[in-house]
Amino acid sequence: MTIDTKDLLNSILESLARIDYVKPADLPNIDLYMDQVTTFMDSQMATSKRHTDDKILTKTMINNYAKNNLLPPPVKKKYSKEHVLMLIFIYYFKGILSISDIQEILNPIAEKYFGKEDDFNLEKIYSEVFQLEKTEVSYLQKDIAKKFQISQTTFEMLTGADQEDMQMFAFICMLSFDVYVKKQLIEQIIDARKQELRTQEKTADTGKTPKPKHTKS
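Everything quoted here is computed from the prediction, not taken from an experiment.

Right, let's get into the overall build of the protein. Helices and strands together make up the secondary structure of the protein, namely eight helices and zero strands. Traced from its N-terminal end to its C-terminal end, the protein shows the element sequence α-α-α-α-α-α-α-α. Projected onto its principal axes, the C-alpha positions of the protein cover 95 × 45 × 30 Å. Treating the 30 positive side-chain charges of the protein as one cloud and the 32 negative ones as another, the clouds have centres 9 Å apart.

Applying the stated rule across the entire model yields seven salt bridges. The partner of Asp-35 in a salt bridge is Lys-59, and the shortest N-O contact between them spans 2.9 Å. One end of the pair, Asp-35, is in helix 2 (residues 34-44); the other, Lys-59, is in helix 3 (residues 59-67), with 24 residues separating them in the sequence. For Lys-59, a relative accessible area of 43% puts it in the partly exposed group. The shortest N-O distance in the salt bridge between Asp-143 and Lys-147 comes to 2.8 Å. Placement of both Asp-143 and Lys-147 in helix 7 (residues 133-151) is noted, with a separation of four residues, approximately one turn of the helix. A relative accessible area of 16% places Asp-143 in the buried class.

Our next topic: the packing of helix 2 against helix 4 (residues 81-93). It is the contact of helix 2 with helix 4, at a shortest axis distance of 11 Å, that shows an interaxial angle of 50°. The angle between helix 2 and helix 4 places the two elements in the oblique class. Note on packing geometry: the crossing formed by helix 2 with helix 4 is right-handed. Here Val-37, Phe-40 and Met-41 of helix 2 lie close against helix 4, whose contacting residues are Val-84, Leu-87 and Ile-88. Residues of the contact of helix 2 with helix 4, tallied by class, amount to six nonpolar, no polar and no charged.

Turning our eyes to something else, we now look at the layout of surface pockets. As a volume, the largest pocket reaches approximately 2000 Å³. Lining the largest pocket we find 38 residues, and of these Ile-19, Tyr-92, Ile-96, Glu-136 and Leu-140 sit closest to its centre. Looking at the lining of the largest pocket, the elements that each hand over two or more residues are helix 1 (5-17), helix 4, helix 6 (122-131), helix 7 and helix 8 (160-206). Top contributing element to the lining of the largest pocket by residue count: helix 8, with 10 residues. Residue classes in the lining of the largest pocket are distributed as 22 nonpolar, four polar and 12 charged. In this structure, the second largest pocket spans a volume of roughly 270 Å³. Lining the second largest pocket are Gln-103, Glu-104, Ile-105, Asn-107, Pro-108, Glu-111, Ile-190, Arg-193, Lys-194, Glu-196, Leu-197 and Gln-200. Those elements that provide at least two residues to the lining of the second largest pocket are helix 5 (99-113) and helix 8. In terms of residue class, the lining of the second largest pocket is made up of four nonpolar, three polar and five charged.

What counts and what doesn't
Residues numbered from 1 in each chain as written. Predicted model: local features only at pLDDT ≥ 70, side-chain atom pairs only at ≥ 80, totals over all residues. Heavy atoms only, no water. Helix = DSSP H or I, 4+ residues; strand = E, 2+ residues; numbered from the N terminus. Lys, Arg positive; Asp, Glu negative; His and termini not counted. Charge placed at Lys NZ, Arg CZ, Asp CG, Glu CD. Salt bridge = Lys/Arg side-chain N within 4 Å of Asp/Glu carboxyl O. Buried < 20%, exposed > 50% of the residue type's maximum accessible area, 1.4 Å probe, protein only. Axes fitted to C-alpha atoms, helices over the stretch in contact; angles between N-to-C directions. Parallel < 35°, antiparallel > 145°, perpendicular 65-115°, else oblique. Left-handed = near helix turned anticlockwise from the far one by under 90°. Contact = heavy atoms within 4.5 Å. Nonpolar A, V, L, I, M, F, W, Y, C, P; charged D, E, K, R; others polar. 1 Å grid on protein atoms, 1.4 Å probe; cavity = no way out; pocket = protein on both sides within 12 Å on 5 of 7 lines; lining within 4 Å. Points joined across faces, edges and corners; volume = space filled by probe spheres on them.

What follows is the structure, encoded as structure tokens:
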């Protein structure tokens, strides 16, 4: 395998620079039927596809999210802007987290802010979070470039194609370990929050005034 490592690195960094998200201004201002939702997601998030014929979202996925209480039900078979925002969050989470973990993250937010009409609502949360993407991409570009350069110093005992193969393997391992560690961190945060909520519920139950027992006269 002959790979121009400089071209490969540049290609990776350029692909990161092209990563984009659905701007709040591009969100539909009218409620959509399911077919319209899948079409919207497919067009707006086309740069996220690995292959051109990949589907960002399908009817089956939407139905499964609703069945698993991950997505609030549509109103008269129509999905609002907030439904679309929830689907975008789900799309990004589902690549690394289980459905149950995504529920733990999104359900409290949906319960508190879905359908809320004041200034701080789901759209505001979405805008705030995805503003971070700009600085995060810059950091990731530097971090990936550093990992790539380190991988090019490995397997000095080999030469030629064998060395290239193993250096690429080392690069993949470094990226994979980074994902693994971050996934573990997210799961620990979820578990800690879940435990804290259980503790709060137990404390609240303990503090309740017991109902008086009725005795027969």
